[in-house]
Structures are given as C-alpha cells and as structure tokens.
Amino acid sequence: MEITFSHPSQIPGRIDAAFQSEINRLLEKNSDDVLEGKIVSPGDIITDDEAFMRGFGTYKDGEVIRSSVAGSVSVLNKLITASSFRGRYNGEIGDVVVARITEVSQKRWKVDVNSRQDATILLSSVILPGGVQRRKSESDELKMRHFLSEGDLIVAEVQTINSENGLGLHTRSTKYGKLRNGQLVKVPSLLVQRSRSHFLVLSCGVSVILGLNGYIWVSKCINTESEQITEDMIFSSKNEEITDVERESVVRVANCVRALCVASAPINETNISYAYDASLPYETKDLLNTQTAYSVAKEALANSSMV
C-alpha cells in the first residue's frame, strides 16, 4: 500500500530529520517541474507560492505572480520567467544560429540573428583559406568583403554574450560558414527544439540546419568533410547546379517546416521527417494552403507520438 502526503507537516509521528529534508526537496522539485514549460496568456496566474521570485515576462499582483505575455514559463532557482512565443531570440553560449550579414566594420561583421540587437563576428573568429588557425594580418582585413559581405547568409555558433546581451559568434569550424544552394525559412525561435545535432541530412537527400534563433536553412545535400573543403567552397557565393528533382525536394521540405510552424508544432528532425512523408500525396505548392498544412502537421505529430 502506498501512502502519500500533500505536505511534510501532515506526516504523523516523529521522523528522521534527513528523511524530512529529502521530502521537502522532492516537493520543491515537483513544484518546479509543474511550472516548467507551462503555457500562459497575459494575466494568467502562474503561482501564488511566496517562495518564487518574478522575472521578466511576469508581474506581481498582490500575493500572486501573473504572466504579462503569451508564452511558456521557465523556472531557474525559484526565479520565474515567461518567454513570448513571438518574442525575439535570447541566445545562449553554444547555440547554433543561422544569420545574415548586415554590415562590414573594422575587423568585425555585424549580423542579424533575430535578436534585439545585431550580433558580431570578429575577424579573428572566422576560418580563413587553408582552414588553419593563424593571426589575422592587415591583408586579411582588406579582404573582409571577399570573405563575407552584406546580405550573405551564414551558419555560426554563439561564443560569447556581453553584459548588454549582445552575442559574439564564431565560424572556426568547417561545418560553419557561408550558406548556398538552398532557401531560408523563418519560424518563431521557441518552436526550434534543442538537440544533439542541428545539422540534419534527411533520407530524401536534403540538408537542414536548425538555427535556434528561428532561422532554418534548407538546401541541397552537402558534404562538410574537412579534407574536401576548399577556399571556393567556403567563400563562394555562386550556387551549384541543382536538378529539378533536388529543387522540388528542397522546396517540399521547406514547406513542411512552414506547415509545422502553422500548427505551432515543435520543429525537430523527427517531426520534419514525418511531415515530409505525410506531404507526399500532395503537390508541393498545395502545402502552402493552411488547411493542407494543418493536415500534414497533424499526421506528422500523430506518427511521432507513436515512436
């Protein structure tokens, strides 16, 4: 027989102090778990527990903490925050992001990462011809627009976050750098799930880069083995030859991502793969229809839940 107690004070008799401490810890953990990920609307009560502190996206109303945005709740060391579904991207060190160059400055580039302010990439934080790490010279600075110019799309990793939440990026690995042979899909950043790898190769021969900032790159399948990387591949802005079959596959996968976004479904490798399979009975262009998109996303989610 299992006996449960709603609070340690309701446990009858005298118990060991260590046992009661463990019960308190479990109760606190459970209360955090209940709040974590909770979906809220503006004005919704998040908690009335005085042990919690309010963070951004929340406000105090008497003895309760309410949400000021429509989004999800996060709890960190008793600090409650609410992140808007349509809010800007808040980066973390190690995040993979897809970004667009907006300005070339002295020894740095400014890039749009769907955040409250542009991120920066230092000249010393990019991989140069030859793929070796070396000190950057004055000639490298003169060639900055040859490496990356305004409008170029890149994939990079968040390396630093300054005191004003400005992001510093780097592309020191051959898997990072300029993007070609595909198209950009923009979704709310909260829909992109963190995973072990954000560089996907689907069974249909399409590469997908899931930027945690909500920018997703869908392209012809590429090989990023370091020994096959050349200067032209790293810095060239010229697209390779793409067949009609490859082009249709790229567009279909991109429309599947859009379909998942329409249904506010989590975007990850599993859901994209199932959405692609569910989309095959439809014409590629029909996936842009809202009703068709919902049907594809619903079938994809149903199949992924059975795994």
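Residues numbered from 1 in each chain as written. Predicted model: local features only at pLDDT ≥ 70, side-chain atom pairs only at ≥ 80, totals over all residues. Heavy atoms only, no water.

Trainee: What exactly am I supposed to notice about the environment of Asn90 here?
Mentor: Counting through the fold element by element, Asn90 comes out in the loop between strand E7 (79–84) and strand E8 (96–105). For the pair Asn90 and Leu190, spaced 100 residues apart in the sequence, the C-alpha separation amounts to 9.9 Å. A polar atom in the side chain of Asn90 sits 2.6 Å from the side chain of Arg116. (Helix = DSSP H or I, 4+ residues; strand = E, 2+ residues; numbered from the N terminus. Polar contact = N/O pair within 3.5 Å; in protein donor to acceptor, adjacent residues only side chain to side chain.)

Trainee: What should I look at first to understand unusual backbone geometry in this one?
Mentor: Backbone phi values are negative for most residues with the exception of glycine, while trans is the configuration of most peptide bonds. A positive phi is found at Lys78, a non-glycine position, where the angle reads about 70°. Despite not being glycine, Lys107 shows a phi value in the positive range, around 60°. Topologically, Lys107 is positioned in the loop between E8 and strand E9 (108–112). In this structure Lys107 comes out as partly exposed when scored by relative accessible area, which is 47%. (Buried < 20%, exposed > 50% of the residue type's maximum accessible area, 1.4 Å probe, protein only.)

Trainee: How should I be thinking about the nonpolar core in this particular structure?
Mentor: Across soluble globular proteins, you tend to see nonpolar side chains buried next to one another. Trp109, Leu169, Val208 and Ile216 are the most contacted members of the largest nonpolar core, which totals 51 residues. It is helix H5 (residues 244–262) that provides the largest number of residues to this core, a total of seven residues. Judged by nonpolar contacts, the second largest core, of ten residues, contains Val155, Leu179, Leu184 and Tyr215. (Core = buried A, V, L, I, M, F, W, Y, C linked by side-chain atoms within 4.5 Å.)

Trainee: Would you explain a negative patch on the surface in this entry?
Mentor: Residues Asp48, Asp49, Glu50 and Glu63 make up a contiguous surface patch of negative charge. Position of Asp49 relative to the elements: it lies in the loop between strand E2 (45–47) and strand E3 (53–54). (Patch = residues over 30% accessible without salt bridge, like charges linked within 9 Å, V, L, I, M, F, W, Y side chains within 5 Å. Areas by Shrake-Rupley, 256 points an atom, 1.4 Å probe, with all protein chains shown as cover. Salt bridge = Lys/Arg side-chain N within 4 Å of Asp/Glu carboxyl O. Lys, Arg positive; Asp, Glu negative; His and termini not counted. Charge placed at Lys NZ, Arg CZ, Asp CG, Glu CD.)

Trainee: Which parts of the structure should I look at to understand the packing of H5 against helix H6 (residues 269–279)?
Mentor: Helix packing for two helices is described by the angle between their axes and how far apart those axes are. It is the contact of H5 with H6, at a shortest axis distance of 9 Å, that shows an interaxial angle of 110°. Judged by the angle between their axes, H5 and H6 are roughly perpendicular. Crossing geometry of H5 relative to H6 is assigned as right-handed. Residue-level contacts link Ser249, Arg252, Val253, Cys256, Val257 and Leu260 of H5 to Asn271, Ile272, Ala275, Tyr276 and Ser279 of H6. (Axes fitted to C-alpha atoms, helices over the stretch in contact; angles between N-to-C directions. Parallel < 35°, antiparallel > 145°, perpendicular 65-115°, else oblique. Left-handed = near helix turned anticlockwise from the far one by under 90°. Contact = heavy atoms within 4.5 Å.)

Trainee: Help me understand the packing of H5 against helix H7 (residues 290–305), please; the structure alone is not making it clear to me.
Mentor: Two elements in contact, H5 and H7, have axes separated by 8 Å at closest approach and are oriented at 90°. Regarding the angle of H5 to H7, the classification is roughly perpendicular. Contact residues: Ala259, Leu260 and Val262 in H5; Thr290, Ala293, Tyr294 and Ala297 in H7. Residues belonging to the contact of H5 with H7 are distributed by class as follows: six nonpolar, one polar and no charged. (Nonpolar A, V, L, I, M, F, W, Y, C, P; charged D, E, K, R; others polar.)

Trainee: Where do I start with the sheet that holds E2 in this structure?
Mentor: Hydrogen bonds along the backbone pair up the strands of a sheet, which may run parallel or antiparallel. Read across the sheet, three strands follow the order E2-E5-E4 without closing on themselves; strand pairing throughout is antiparallel. Because the sheet does not close on itself, it has two edges, and the strands there are E2 and strand E4 (58–61). Geometrically, the sheet is characterised by an average inter-axis angle of 45° between neighbouring strands, direction not taken into account. In the sheet, E2 pairs with strand E5 (residues 64–67) via two bridges, with the strands oriented antiparallel. The partner of Ile45 across the bridge, within E5, is Arg66. (Pairing = 2+ DSSP bridges.)

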